[in-house]
Amino acid sequence: MGNGKVKVGIIGSKFEADIHAASFQLMPEEAEVVAVASPTPGNAAELAGRYGIPRVFLDYREMLREPDIEMVTIAAPNALHRQMTCDAARAGKHVVCEKPFAMTLEEGDEMIDVCRAEGVLLMYAEELFFTPKYVKAKEMADQGAFGKVHLVKQSEKHFGPHGDWFWDVSKSGGGVWMDMGCHGIAFCYWFLGRPKIESVYCQMGTYVHGDKTIGEDEVIGIIEFAGGALGMVEDSWARRGGMDDRIEVFGDGGVTYGNLHMGNALPTYSESGYGYAVEKAPSTTGWSYPVFEELWNYGFPQEMRHFARCVRGKETPQATGEDGRVVLEALCAGYASAGLGSKVALPYRPKGLRRPIDGWKGAAAK
Ligand SMILES: NC(=O)c1ccc[n+]([C@@H]2O[C@H](COP(=O)([O-])OP(=O)(O)OC[C@H]3O[C@@H](n4cnc5c(N)ncnc54)[C@H](O)[C@@H]3O)[C@@H](O)[C@H]2O)c1
């Protein structure tokens, strides 16, 4: 095991790659980003310029040949997670894979198996496990603040993703359930102490963005956990006004509500507008709710610091490939339940699906 700062290579150079680079810069004592790889000429160089990253590659496989890189973060479209994870592991690099974990359960199993065989860590980038407000809620729950918790809700909503590939289910695997339902499932599972998921029921549809995608833009998911607790996950790509992310926790002895953005914002009215309010907010004129310390409030820097400390053996991974695999199984069950119109029991192991949304739309859907 090396010492000093963990040397990191980032795959991807746009939205989430920028968050990774910024996060390592915000908490620089454990890790440093030494390389970035992205295929569109100029894009990796631009990110590198912004964050002072010394090495730039067009092909991530070349970056994987750099012997000093110990950990790779994958911030590329979902359909590439499997190949990139396995390539990085075979090059002896520890892996941080973005959500959602993979396109199929077979892919997820392969990623876990290859990382285990190569003796590298496979860490799953679910930042809600590190979101300070949500961590506080879980600490209180674990101290008994709410008595026996029977219902946990998580919801994430905005008006649709920033990149074209999200709308193309062959690259994303599905719509908003795949993209943000993965956060809600992970949150409820983690919050409740990782009980087995017994069933998933989803109601979903494409209400606003049918011109762009066959993916769903509204979903309500209900998850039954062993031990009797319920998770409720509500996600939208059809909500105007920028990002909305919130939780609710109900027990026989108490309740708590967390609104990530509105709860950390300055209620603001401006005639002229200003620079930036919050992720995906369309404007800053009139009433708006600018957040401060956005990355910190989400937990991204804390998450990346934790992963680097895991590579050094200072901490044990709190968000793993196994977590990603559990969430992916629930995603698949959710799509299947929307197709059937009834809840689907877990374990759920669909055969021959290319992507989770096929459980709802059928494999023939383009
Ligand atoms: N944790 C979160 O809250 C969060 C938020 C946004 C995105 N994500 C996840 O991060 C991943 C990337 O999403 P994004 O928002 O950054 O998308 P994006 O469209 O902004 O960027 C995608 C990046 O992938 C790169 N890429 C595409 N093909 C590649 C290849 N063959 N080799 C290397 N790089 C390649 C593109 O060049 C681009 O830089 C997705 O899995 C997404 O679900 C997570």
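Calculation criteria
Residues numbered from 1 in each chain as written. Predicted model: local features only at pLDDT ≥ 70, side-chain atom pairs only at ≥ 80, totals over all residues. Near = placed C-beta within 6 Å. Helix = DSSP H or I, 4+ residues; strand = E, 2+ residues; numbered from the N terminus. Nonpolar A, V, L, I, M, F, W, Y, C, P; charged D, E, K, R; others polar. Domains from an automatic or database assignment. Contact = placed C-beta atoms within 7 Å.

Engineer: Help me understand the site of the ligand in this model?
Structural biologist: Around the ligand sit 25 residues, and of these Lys14, Phe15, Glu16, Glu98 and Gly163 come closest. Here the shell around the ligand gets three residues from one element, more than from any other, and that element is helix H1 (residues 15-26). Its residues placed into classes, the shell around the ligand shows 12 nonpolar, eight polar and five charged. Summarising the domain contributions, the shell around the ligand has at least three residues from each of domain 1 (6-128 + 300-314) and domain 2 (131-299 + 327-345).

Engineer: Is there a simple way to explain the domain arrangement of the protein in this structure?
Structural biologist: It is common to report an interface's size as the accessible area lost on association of the parts. Partitioning the protein into structural domains gives domain 1 (6-128 + 300-314) and domain 2 (131-299 + 327-345). Computed over C-alpha atoms, the centres of domain 1 and domain 2 are 24 Å apart. Listed by partner, the interface residues are 23 residues for domain 1 and 23 residues for domain 2. Going through the elements one at a time, H1, helix H5 (105-118) and helix H10 (300-311) are the ones with two or more residues in the side of domain 1 that touches domain 2. Looking at which element gives the most residues to the side of domain 1 that touches domain 2, the answer is H1, with five residues. For the side of domain 1 that touches domain 2, the residue count by class is 14 nonpolar, four polar and five charged.

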